[in-house]
Number of protein chains: 2
Amino acid sequence: MDAGKRIVLAARPVGEPKESDFRIEPMPVAAPGAGEMLLRTLFLSLDPYMRGRMSDAPSYAKPVEIGQVMEGRTVSEVLVSNRDGFAVGDVVLSPHGWQTHAVSDGKGLRKIDPALAPVSTALGVLGMPGMTAYTGLLDIGRPQAGETVVVSAASGAVGSVVGQIARLKGAHAVGIAGGPDKCRYVIDELGFDACVDHRSGDLPAQLKAVCPKGIDVYFENVGGAVFEAVFPLLNNFARIPVCGQIATYNVTEMPAGSLRTSALTRAILTKRLTLRGFIVSDFAARQGDFLRDVSAWLGEGRIKYREDMVDGLEQAPRALIGLLRGENFGKLLVRFPPGG
Amino acid sequence: MDAGKRIVLAARPVGEPKESDFRIEPMPVAAPGAGEMLLRTLFLSLDPYMRGRMSDAPSYAKPVEIGQVMEGRTVSEVLVSNRDGFAVGDVVLSPHGWQTHAVSDGKGLRKIDPALAPVSTALGVLGMPGMTAYTGLLDIGRPQAGETVVVSAASGAVGSVVGQIARLKGAHAVGIAGGPDKCRYVIDELGFDACVDHRSGDLPAQLKAVCPKGIDVYFENVGGAVFEAVFPLLNNFARIPVCGQIATYNVTEMPAGSLRTSALTRAILTKRLTLRGFIVSDFAARQGDFLRDVSAWLGEGRIKYREDMVDGLEQAPRALIGLLRGENFGKLLVRFPPGG
């Protein structure tokens, strides 16, 4: 059996992570004991939340320790099984992080049905990002037919699903994305009503032009300047599911911005806004609904997705750095070569 | 019949209102026509929202025009009635503003039952401020037994009811008020578990000491420095009904403060906070529940209230200026002399 590899956190990044904040290490591939199995990683998901785990600032989850394997979800294949209910060749969703192999006692694993959709979708549209979109939009945003829903990072794993579900619910879906290619994709492939390129200048004016009736739901993935452009366009009783703040994940100091807290809370009052932060695990009880609905929409071709694949564990650090810069296009995944 | 008086908006205040921003005028008291009645004001309510109506900055309600009678709710007595269903001597809640008399066709009036409670309470604990407390706390704050509820402006018309209902629901009730007399009243008379004087220095440390388990509900009446002291103590899943921002009503420029929007939205995400602004009229459907519950609690002595009376319409401008400085102690009302 080949020796394995893993990537550990070498140093806590200051600002943008550097490749030297990660370290790739050889790893012995142990034989599984009684009741255990050996997994081989097929796909590793890279997600913005990982930047938070590299930092020891207070957050909703514990940080990765220095020298520990980087946290992450994988789609893995069972190579050896000493465990009832899991057979060689089964494909599972696993929380075993940035490594080629893992020994598991089955805890935290979920079997994936390869007949339902390509197994990699368990990390994207049918996984955590898809469920984040589904629950944040439907349980907090609650879009009504005819309302305007705006989502930032619109071509990404979460944003792409938010806008498509908004359309399915009869809302006017507007995306914000970085660059003309992503905007074209959001409109032409995903079927959003409009998409604004936040890199092309004067975001507030562009956004206003495509939201003539204001904004009723803003699904917040980004923060910073994008939030400030959206803010004046919010209608009375608007709902803002706060899902991510990727614009601030690498900052060492909160950006000054033009909006102060008092201006924000004043508008929350006068416009009767609801801002509510959430983490997908808060809505664990909705997983059955999510899988039923989104699998069906996927099967009917009413929801589309795009994967951005990089090959080999070695590429993961650079790919995560790029994700935080907005360089990925679609759900970012690391694909592992057979035997690797 | 005596001639009447009214107070009109003379000028839009810049910063804190001055007495010269108001003008008292004699007013002919007209005989009511067919289907109309003549009302005499018994009590005029003075409330923080009135500062907003004096300004033409965008808000949830239209401003009072220059030369127009200042907006406000009164408890009035029917002097002459040409209208079925209203008899001389009936007492009504009326939207007729800062004046001694009004001719009404009955629109917007609600009859008050003097047997239920002193009629002035229709402007306080059994009126708009009481219902603001009831709906904001129960429908947005949703306190659970054992949770910690903090309310600013705790001795005021809204805050005093918030804390008392929180206690009735089994929560730990903590007030923030200005000065030792108000704090003593909040604890000794209203029965809050604790009260912190925001004028006595180091509010963050004082607040932390009386909220050892953090804060689950913050009922926001104030904004500014008080909000910033509360903010770091909020627990995961805390709810913040945003009802008022009295600290900022007189400012000509939003205070810089130490909190920036990015810090706020980051915390909304990581702590999964809900901030929701509201105006009492958003919950009009809850009026029956409110009157039933709070009347009962009042009758049982489980809710107490305090009125701060000033005598005569002439006193209203100075009293409103004092209210915005926190000089009132209890629900601020203007009492009209018989025949005045």
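Residues numbered from 1 in each chain as written. Chains lettered and ligands numbered in written order. Predicted model: local features only at pLDDT ≥ 70, side-chain atom pairs only at ≥ 80, totals over all residues.

1. Focus: the overall build of chain A
At step 1: Of regular secondary structure, chain A possesses nine helices and 15 strands.
At step 2: With 340 residues in all, chain A has 49% of them scored as buried.
At step 3: Taking contacts inside chain A between residues at least 6 apart in sequence as the whole, the part at least 24 apart equals 64%. (Helix = DSSP H or I, 4+ residues; strand = E, 2+ residues; numbered from the N terminus. Buried ≥ 20, exposed ≤ 12 C-beta atoms within 10 Å, placed from the backbone. Contact = placed C-beta atoms within 7 Å.)

2. Describing the relation of the copies chain A and chain B
At step 1: Overlay of chain A on chain B (RMSD 0.0 Å): rotation 180°, translation along the axis 0.0 Å. These values place the two chain copies in the arrangement generated by a two-fold rotation axis.
At step 2: Most of the interface of chain A is mirrored in chain B: 100% of its interface residues are interface residues there too. (Least-squares fit on C-alpha atoms with pLDDT ≥ 70 in both.)

3. Considering the packing of helix α2 (residues 128–141) of chain B against helix α3 (residues 159–168) of chain B
All names here are of chain B.
At step 1: Contact pair α2 / α3: the axes reach a minimum separation of 8 Å and the direction vectors enclose 45°. With respect to α3, the axis of α2 lies oblique. Here α2 and α3 pass one another in a crossing that is right-handed. Between α2 and α3, the contacting residues are Pro-129, Gly-130, Ala-133, Tyr-134 and Leu-137 on the first element and Val-161, Val-162, Ile-165 and Ala-166 on the second.
At step 2: For the contact of α2 with α3, the per-class residue count stands at eight nonpolar, one polar and no charged. (Axes fitted to C-alpha atoms, helices over the stretch in contact; angles between N-to-C directions. Parallel < 35°, antiparallel > 145°, perpendicular 65-115°, else oblique. Left-handed = near helix turned anticlockwise from the far one by under 90°. Nonpolar A, V, L, I, M, F, W, Y, C, P; charged D, E, K, R; others polar.)

4. Observations regarding the interface of chain A and chain B
At step 1: Taken together, the contacts link 33 residues of chain A with 33 residues of chain B.
At step 2: Broken down by secondary-structure element, the contributors of at least two residues to the side of chain A that touches chain B are α6 (224–230), α7 (261–270) and β13 (274–277) of chain A.
At step 3: When residues of the side of chain A that touches chain B are assigned to their parent elements, the largest contribution, nine residues, is made by α7(A).
At step 4: A class-by-class count of the residues in the side of chain A that touches chain B yields 15 nonpolar, 12 polar and six charged.
At step 5: In the sheet, β13(A) pairs with strand β13 (residues 274–277) of chain B via three bridges, with the strands oriented antiparallel. (Pairing = 2+ DSSP bridges.)

5. Topic: the sheet that holds strand β10 (residues 194–197) of chain B
At step 1: Within the open sheet, the 12 strands sit side by side as β10(A)-β9(A)-β8(A)-β11(A)-β12(A)-β13(A)-β13(B)-β12(B)-β11(B)-β8(B)-β9(B)-β10(B). Their pairing is mixed. Each of the sheet's edge strands pairs with one partner strand only, and the pair in question is β10 (194–197) of chain A together with β10 of chain B. If you compare each strand with its neighbour and ignore which way they point, the axes differ by 15° on average.
At step 2: Judged from the five bridges that link them, strand β8 (residues 148–152) of chain A and strand β9 (residues 172–177) of chain A form a sheet pairing that is parallel. What sits directly across from Val150(A), in β9(A), is Val174(A).

6. Concerning helix α9 (residues 316–324) of chain A
Residue and element names in this part refer to chain A.
At step 1: Burial in α9 covers these residues: Ala-316, Pro-317, Leu-320, Ile-321 and Leu-323. Buried residues of α9, viewed axially, fall in a sector of 155°; they line one side.
At step 2: Turning to α9, the residues buried within the fold contact β1 (4–9), β2 (22–27), β3 (37–45), α1 (49–53) and β15 (331–335). (Arc of directions from axis to C-beta.)

7. Observations regarding the domain arrangement of chain A
Residues and elements named next belong to chain A.
At step 1: What the domain assignment reports for chain A is domain 1 (4–123 + 306–335) and domain 2 (128–284 + 291–296).
At step 2: The centre of domain 1, based on its C-alpha atoms, is set 28 Å off from the matching centre of domain 2.
At step 3: On the domain 2 side, the residues contacting the 14 residues of domain 1 number 13 residues.
At step 4: Grouping the amino acids of the side of domain 1 that touches domain 2 by side-chain chemistry returns six nonpolar, four polar and four charged. (Domains from an automatic or database assignment.)

8. Overview of the pairing of β8(A)
Residues and elements named next belong to chain A.
At step 1: Of all five residues in β8, five are buried; the element is thus mostly enclosed.
At step 2: The parallel pair β8 and β9 is bridged by helix α3 (residues 159–168), and the resulting crossover is right-handed.
At step 3: Note: β8 against strand β11 (residues 215–219), three bridges, orientation parallel. When the sheet's bridge partners are listed, Val-149 is paired in β11 with Val-217. (Right-handed = clockwise from strand over helix to strand, strands pointing away.)

9. Details of α3(B)
Residue and element names in this part refer to chain B.
At step 1: Within α3, eight of the 10 residues are buried, which leaves the element mostly enclosed by the surrounding structure.
At step 2: Every buried residue of α3 is listed here: Gly-159, Ser-160, Val-161, Val-162, Gly-163, Gln-164, Ile-165 and Ala-166.
At step 3: Residues of α3 that are buried make contact with α2, β8 (148–152), β9 (172–177) and β11 (215–219).
At step 4: At the exit of α3 stands Gly-170, carrying a positive phi of roughly 90°.

10. Looking at unusual backbone geometry
Residue and element names in this part refer to chain A.
At step 1: Even without a glycine there, the phi angle at Ala-153 is positive, about 55°.
At step 2: Examined against the element boundaries, Ala-153 turns out to sit in the loop between β8 and α3.
At step 3: For Phe-237, which is not glycine, the phi torsion reads 65° and is therefore positive.
At step 4: Here Phe-237 shows up in strand β12 (residues 234–242).

11. Some remarks on the nonpolar core
At step 1: Grouped together as the largest cluster of nonpolar side chains are 194 residues, with contacts concentrated most on Val230(A) and Val230(B).
At step 2: Sequence-distant contacts of Val230(A), defined by excluding residues within four places in its chain, comprise Val150(A), Leu207(A), Ile215(A) and Tyr218(A). (Core = buried A, V, L, I, M, F, W, Y, C linked by C-beta atoms within 7 Å.)

12. Here's the deal with the packing of helix α2 (residues 128–141) of chain A against helix α8 (residues 287–299) of chain A
All names here are of chain A.
At step 1: Two numbers describe how α2 lies on α8: the axes approach to 10 Å, and their chain directions differ by 105°. Regarding the angle of α2 to α8, the classification is roughly perpendicular. Contacts between α2 and α8 pair Gly-130, Met-131, Tyr-134 and Thr-135 from the former with Gln-287, Phe-290 and Val-294 from the latter.

13. Some remarks on the environment of Gly224(B)
At step 1: Examined against the element boundaries, Gly224(B) turns out to sit in helix α6 (residues 224–230).
At step 2: Along the sequence, Gly224(B) and Pro32(B) sit 192 residues apart, while their C-alpha atoms lie 47 Å from each other.

14. Some remarks on the environment of Ser76(A)
Residue and element names in this part refer to chain A.
At step 1: Relative to the assigned elements, Ser-76 resides in strand β4 (residues 74–81).
At step 2: For the pair Ser-76 and Ala-31, spaced 45 residues apart in sequence, the C-alpha to C-alpha distance is 16 Å.
At step 3: Beyond its immediate sequence surroundings of up to four residues, Ser-76 is in contact with Leu-39, Arg-40, Thr-41, Leu-42, Val-92, Ser-94, His-96 and Ala-102.

15. Section: the pairing of β12(A)
Residues and elements named next belong to chain A.
At step 1: The sheet contact formed by β11 and β12 spans two bridges and is parallel. By the bridge assignment, Ile-215 is partnered in β12 with Leu-234.
At step 2: Each parallel crossover has a hand, and for β11 linked through α6 to β12 it is right-handed.

16. A few points about the confidence of the model for chain A
Close reading of the predicted structure is inappropriate where its pLDDT is low.
At step 1: Overall, the prediction assigns chain A a mean pLDDT of 94, with 97% of residues at 70 or greater.
At step 2: Across the interfaces of the predicted complex, the ipTM metric reaches 0.87, alongside a pTM of 0.91. (pLDDT = per-residue confidence, 0-100.)

17. A short note on the environment of Asp47(A)
All names here are of chain A.
At step 1: Following the sequence through the fold, Asp-47 ends up in the loop between β3 and α1.
At step 2: Overall, Asp-47 belongs to the buried group, with 25 C-beta atoms counted inside 10 Å.
At step 3: The sequence separation of Asp-47 and Leu-324 amounts to 277 residues, and the corresponding C-alpha distance is 8.8 Å.

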